[in-house]
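Geometric and topological summary
Read off the chains here:
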Amino acid sequence: MVDSARLRLGVNIDHVATVRNARGSQWPDPLRAALLAEAAGADGITAHLREDRRHIRDADIDALMAGLTIPLNFECAATAEMQAIALRIRPHAVCLVPEKREERTTEGGLDVAGDEARLAEYVAPLVAAGIRVSMFIGHQPDQIKASARIGAAVVELHTGHYSELHAEGKLVEAAAELVALRAGATLAHGLGLEVHAGHGLTYENVGPIAALPQVRELNIGHFLIGEALYMGLGPAIEEMRVRMDAARL
Ligand code: PXP
């Protein structure tokens, strides 16, 4: 059976901080953007505290925890430093992602299968603290099965490759990637995992991902922050919501 509940939209506000940090000033303020997103109907806010603090900073996370009424999905690498922060702030969810200093964004999924014993140990205190742990992974069955075994509640399937193929006009390859994502979502759901998806989603490519019945939440950032330049953040989010809901009918 597939959950029929409404598809949630998590808005990633990292790139509000990217713009702020470009000037070393206080503006634009990620919390203000998050509150606008909340008012526009976002179901949650995602923020990635990278090891190098290139966008979101520790003080942003504290401000989000204090100021939001919707859940915070705290995205981070599986390091001791981030685990300590997560256990201190106790966000609704922690999404574990791979992190390389030289990458521009999170390029691939986490290798849960290749690091299973360490990650099992890593997530245990987070789960014990009542935090929903999400693994940001590719659609490969071994990664999904390993995520279930280590005690994660959620897998977020990486849609970056699908999005790239779509943007390059490689629609046959994008369709094949979608088939693999659908199979991954089905497997994960069957194992009792909640299924999320995200990375690179836009108005043009969100429909087929939003239509996957096992997917309960999409996390979308870069495109929405860009679109906000033209139409404002609230309307940009509302338009995404319309497209997600239309795909779900
Ligand atoms: N989900 C995860 C786990 C991510 O790392 C990111 C990017 O930070 C996103 C979703 C959002 O991707 P985008 O900014 O391309 O919409």
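Scroll up to find the structure this text is about.
Overview of the structure. Just so we're clear, the structure is a prediction, and the values are computed from it rather than from any experiment.

What about the overall build of the chain?
Scanning the chain from terminus to terminus reveals 11 helices and eight strands. Taking the principal axes of the C-alpha coordinates as reference, the chain spans close to 45 × 40 × 35 Å. In the structure as shown, the chain presents an accessible area of about 11200 Å², 56% of it carried by carbon and sulfur atoms. Taking the average location of the 24 positive side-chain charges in the chain and that of its 33 negative ones, the two points are 2 Å from each other.

Some points on the pattern of salt bridges
Opposite charge on two side chains makes pairing possible when the charged atoms of those side chains draw close. This structure, assessed with the given rule, holds 15 salt bridges. In this structure, the salt-bridge partner of arginine 132 is glutamate 194, at a minimum N-O distance of 3.0 Å. Within this pair, whereas arginine 132 is found in strand E5 (residues 132-137), its partner glutamate 194 is found in strand E7 (residues 194-198), the two being separated by 62 residues in sequence. Put simply, Arg6, Asp43, Arg241 and Asp245 are held in one network by salt bridges that share partners.

Focus: unusual backbone geometry
In the segment running from tryptophan 27 into proline 28, the intervening peptide bond is cis, with an omega of -5°. Mapped onto the fold, proline 28 is located in the loop between helix H1 (14-23) and helix H2 (30-39). Unlike most non-glycine residues, arginine 53 shows phi in positive territory, near 55°. Its place among the elements puts arginine 53 in the loop between strand E2 (44-48) and helix H3 (58-67). Unlike most non-glycine residues, histidine 199 shows phi in positive territory, near 115°. Inspection of the secondary structure puts histidine 199 in the loop between E7 and helix H9 (206-210).

Observations regarding the site of the ligand
The full set close to the ligand counts 14 residues, and Glu75, Glu156, Gly200, Gly221 and His222 are the nearest of them. For the ligand, a nitrogen atom lies 2.5 Å from a polar atom in the side chain of glutamate 156. For the ligand, an oxygen atom lies 2.8 Å from a polar atom in the backbone of histidine 222. Burial of the ligand by the protein amounts to 95% of the accessible area it has alone, namely 390 Å².

Focus on the sheet that holds E7
Spatially, the eight strands close up into a barrel ordered E1-E2-E3-E4-E5-E6-E7-E8, and their pairing is parallel. For this sheet the average axis-to-axis angle between neighbouring strands, irrespective of direction, equals 25°. By the bridge criterion, five bridges tie strand E6 (residues 154-158) to E7 in an arrangement that is parallel. Across the sheet, the residue bridging to glutamate 156 is histidine 196, located in E7. Lying over the sheet, helix H5 (residues 116-128) contacts strand E4 (93-96) and E5, oriented at roughly 145° with respect to E5. Together, strand E1 (8-12) and strand E8 (215-220) form the strand contacts of helix H11 (residues 233-248), whose direction differs from that of E1 by roughly 145°.

Points about the nonpolar core
Core analysis: the biggest nonpolar cluster contains 73 residues, and Ile45, Phe74, Leu96, Met135 and Leu218 have the highest contact counts within it. In contact with isoleucine 45, not counting residues within four places along its chain, are Val11, Ile13, Ala34, Ala37, Leu64, Leu68, Ile70, Pro71, Leu72 and Asn73.

Points about a nonpolar patch on the surface
On the surface, Leu229, Tyr230 and Met231 cluster together into a nonpolar patch covering about 400 Å² of accessible area. With respect to the helices and strands, the residue leucine 229 is situated in helix H10 (residues 222-231).

A look at H5
For H5, with 13 residues, the first-to-last C-alpha span of 18 Å sits near the 18 Å given by 1.5 Å per residue. Within the sequence span of H5, burial applies to Leu119, Tyr122, Val123 and Leu126. Taken together, the buried residues of H5 touch helix H4 (80-89), E4 and E5. Trailing H5 by a residue or two, glycine 130 shows a phi angle of about 85°, which is positive.

Quick word on the side chain of arginine 241
Relative to the helices and strands, arginine 241 is located in helix H11. Note on arginine 241: relative accessible area 8%, which makes it buried. When near neighbours in sequence (up to four residues on either side) are disregarded, arginine 241 contacts Arg6, Leu7, Arg8, Leu9 and Asp43.

Quick look at the packing of aromatic side chains
Within the structure shown, the criterion is met by one aromatic pair. A centroid spacing of 4.8 Å and a plane angle of 80° characterise the contact between tyrosine 203 and phenylalanine 223, whose relative ring orientation is edge-to-face. Of this pair, tyrosine 203 sits in the loop between E7 and H9 while phenylalanine 223 sits in helix H10, placing them 20 residues apart in sequence. Tyrosine 203 sits in the buried class, given a relative accessible area of 10%. Given the relative accessible area of 23%, phenylalanine 223 is considered partly exposed.

Here is what the cut-offs are and how they apply
- Residues numbered from 1 in each chain as written.
- Predicted model: local features only at pLDDT ≥ 70, side-chain atom pairs only at ≥ 80, totals over all residues.
- Heavy atoms only, no water.
- Helix = DSSP H or I, 4+ residues; strand = E, 2+ residues; numbered from the N terminus.
- Areas by Shrake-Rupley, 256 points an atom, 1.4 Å probe, with all protein chains shown as cover.
- Lys, Arg positive; Asp, Glu negative; His and termini not counted.
- Charge placed at Lys NZ, Arg CZ, Asp CG, Glu CD.
- Salt bridge = Lys/Arg side-chain N within 4 Å of Asp/Glu carboxyl O.
- Near = heavy atom within 4 Å.
- Polar contact = N/O pair within 3.5 Å; in protein donor to acceptor, adjacent residues only side chain to side chain.
- Pairing = 2+ DSSP bridges.
- Axes fitted to C-alpha atoms, helices over the stretch in contact; angles between N-to-C directions.
- Contact = heavy atoms within 4.5 Å.
- Core = buried A, V, L, I, M, F, W, Y, C linked by side-chain atoms within 4.5 Å.
- Buried < 20%, exposed > 50% of the residue type's maximum accessible area, 1.4 Å probe, protein only.
- Patch = residues over 30% accessible without salt bridge, like charges linked within 9 Å, V, L, I, M, F, W, Y side chains within 5 Å.
- Expected span 1.5 Å × (residues − 1).
- Phe/Tyr/Trp six-rings, centres within 6.5 Å; stacked < 30°, edge-to-face > 60°.

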